[in-house]
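Summary of structural features
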Amino acid sequence: ALLHDTIEDCNISPQEIESRFGKEVSFLVQSLTKVNSLHYKEEIREKENYRNIILAMAKDIRVVLIKLADRLDNMKTLWIFPPGKQKKRALETLEIFAPLAYRLGMSNIGAQLEDLSFPYVYPQAYKYTRKLTGKRKEELEKYLKQLAPYLQRQLKKHNLHPQEIKFRAKHLYSIWRKLKKEDMDINCIYDLVA
């Protein structure tokens, strides 16, 4: 993961990586370089094919995992790029990498990628959704923090011993998709938290 951009950005040969770090690391870095050479075009209607190409090119799942981690890291600093590049990269993330993360069972990564992309791809919808959910979401999270210990006690009374009770607020992009289905009526959405 630390060496993933060395061939492209540092002018270091695959042979040098192999001599210093071994064949396996060299293979991973070269595979990531191949995946990075793909150029996403918005006009590609078949986004599923693009995701499948990434999976097919990565003969080792670790290549995809490193690529997802790299994209997540890059999305956290997207603000440094010019607006055109921000939107292009965010759209690619929203349409390709977030669904890929979900497909691999990495819903936390997929949700983060969506929420990091959301303000760049749909800025007005993002502002509206944040404003609409702001206070309500905080109140529900507070309620869940109080509910978790109560639920734990009730389960123990019935001889059920959970290791952990997890709760979270739904992420904004997910809420926005639900709002669109409900004619933008927040009162029709009952699962702002899980």
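The following refers to the structure shown. (Residues numbered from 1 in each chain as written. Predicted model: local features only at pLDDT ≥ 70, side-chain atom pairs only at ≥ 80, totals over all residues. Heavy atoms only, no water.)

Ring pairs (aromatic) are described by centroid distance and by the angle formed between their planes. A full pass over the atoms with the stated rule returns five aromatic pairs. A centroid spacing of 5.4 Å and a plane angle of 75° characterise the contact between Phe 118 and Tyr 173, whose relative ring orientation is edge-to-face. Here Phe 118 is found in helix H7 (residues 107–121), whereas its partner Tyr 173 is found in helix H9 (residues 172–181), with 55 residues between them in sequence. Summarising the burial analysis for this pair, Phe 118 and Tyr 173 share the class buried. Ring centres 4.8 Å apart and planes at 35° place the aromatic pair Tyr 122 and Trp 176 in the tilted group. With Tyr 122 in the loop between H7 and helix H8 (123–157) and Trp 176 in helix H9, the pair connects residues that are 54 residues apart, well separated along the chain. (Phe/Tyr/Trp six-rings, centres within 6.5 Å; stacked < 30°, edge-to-face > 60°. Helix = DSSP H or I, 4+ residues; strand = E, 2+ residues; numbered from the N terminus. Buried < 20%, exposed > 50% of the residue type's maximum accessible area, 1.4 Å probe, protein only.)

Bringing the pattern of salt bridges into the picture now. In total, this model carries five salt bridges according to the counting rule given. Asp 60 serves as the salt-bridge partner of Arg 62, at 2.7 Å between the closest nitrogen and oxygen. Among the residues examined, Arg 62 registers a relative accessible area of 32% and is labelled partly exposed. You can call Asp 60 buried: its relative accessible area is 16%. The residue Arg 71 makes a salt bridge to Glu 92 at a minimum N-O spacing of 2.9 Å. Placement of the pair is Arg 71 in helix H5 (residues 61–75) and Glu 92 in helix H6 (residues 83–103), with a sequence separation of 21 residues. (Salt bridge = Lys/Arg side-chain N within 4 Å of Asp/Glu carboxyl O.)

Moving on, we come to the nonpolar core. If you look at the biggest cluster of nonpolar residues, it comprises 27 residues, and the most contacted ones within it are Ile 54, Leu 68, Phe 97, Leu 113 and Phe 118. The set of elements that each furnish at least two residues to this core consists of helix H3 (23–36), H5, H6, H7, H8 and H9. With eight residues, H6 is the largest single contributor of residues to this core. Among residues more than four places away in sequence, those in contact with Leu 68 are Phe 97, Ala 101, Leu 104, Met 106 and Leu 113. (Core = buried A, V, L, I, M, F, W, Y, C linked by side-chain atoms within 4.5 Å. Contact = heavy atoms within 4.5 Å.)

Of all the residues in H9, the buried ones are Leu 172, Tyr 173, Ser 174, Ile 175, Trp 176 and Leu 179. Taken from the residues just after H9, Asp 183 is the one with a positive phi, measuring 55°.

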